[in-house]
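Descriptive analysis of the structure
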Amino acid sequence: MSCEGDEQGHPRPLGQDRYTISEVAEFTGLSAHTLRWYERIGLMPHVDRSHTGQRRFTNRDLDWLALVGKLRLTGMPVADMVRYAELVRAGDHTYPQRQALLEATRTDVLQRIAELQDTLSVLDHKISTYAGARCAPERTA
């Protein structure tokens, strides 16, 4: 069992820990608009600002965005992602609620995987049928 924060870390070197929104957009593939929206809805923790007011993201922010990207891939609703972020910010005493939220998402993902496996089986069967039909000798009437 792994603890939160044990995930494979960022590929950026330690010490280089202040990134502009455009750099983060490039690292993550998210638009600057999406990053600002994440911050506005509470999905991103407070992002530091430079003396000129420019956002300065840290490696920790980038790691958080990587997790958010994984949660998005699960199909987790944005409201649940925001709830998860709120629980993380609330502290360690929220572990049971976080675990429950992630377990519910895991159940949904497993169900979707099963549905996709079934769909893949249907596709494989159809592909096999067509491949067999193509290889069969032509019938003469």
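Residues numbered from 1 in each chain as written. Predicted model: local features only at pLDDT ≥ 70, side-chain atom pairs only at ≥ 80, totals over all residues. Heavy atoms only, no water.

**As for the pattern of salt bridges**
- Summed over all chains, the structure comprises four salt bridges.
- Here Arg18 and Asp48 are joined by a salt bridge, their closest N and O atoms 3.6 Å apart. With a gap of 30 residues between them, Arg18 in the segment before α1 (21-28) and Asp48 in strand β1 (residues 48-49) connect regions that are remote in the sequence.
- Residue Arg18 is classed as partly exposed on the basis of its relative accessible area of 47%.
- Between Glu39 and Arg55 there is a salt bridge, with the nearest N and O atoms lying 2.5 Å from each other. With Glu39 in helix α2 (residues 32-41) and Arg55 in strand β2 (residues 55-56), the pair connects residues that are 16 residues apart, well separated along the chain. Like Glu39, the residue Arg55 is buried in the burial classification.
- Residues joined by salt bridges that share partners form a network here, namely Glu39, Arg49 and Arg55. (Salt bridge = Lys/Arg side-chain N within 4 Å of Asp/Glu carboxyl O. Helix = DSSP H or I, 4+ residues; strand = E, 2+ residues; numbered from the N terminus. Buried < 20%, exposed > 50% of the residue type's maximum accessible area, 1.4 Å probe, protein only.)

**Looking at the packing of aromatic side chains**
- Throughout the structure, instances matching the rule amount to three aromatic pairs.
- Ring geometry for Tyr19 and Phe27: centres 5.2 Å apart, planes at 85°, overall edge-to-face.
- Classification of Phe27 by relative accessible area gives partly exposed; the value is 44%. (Phe/Tyr/Trp six-rings, centres within 6.5 Å; stacked < 30°, edge-to-face > 60°.)

The values reported here are purely geometric and, on their own, carry no functional implication.
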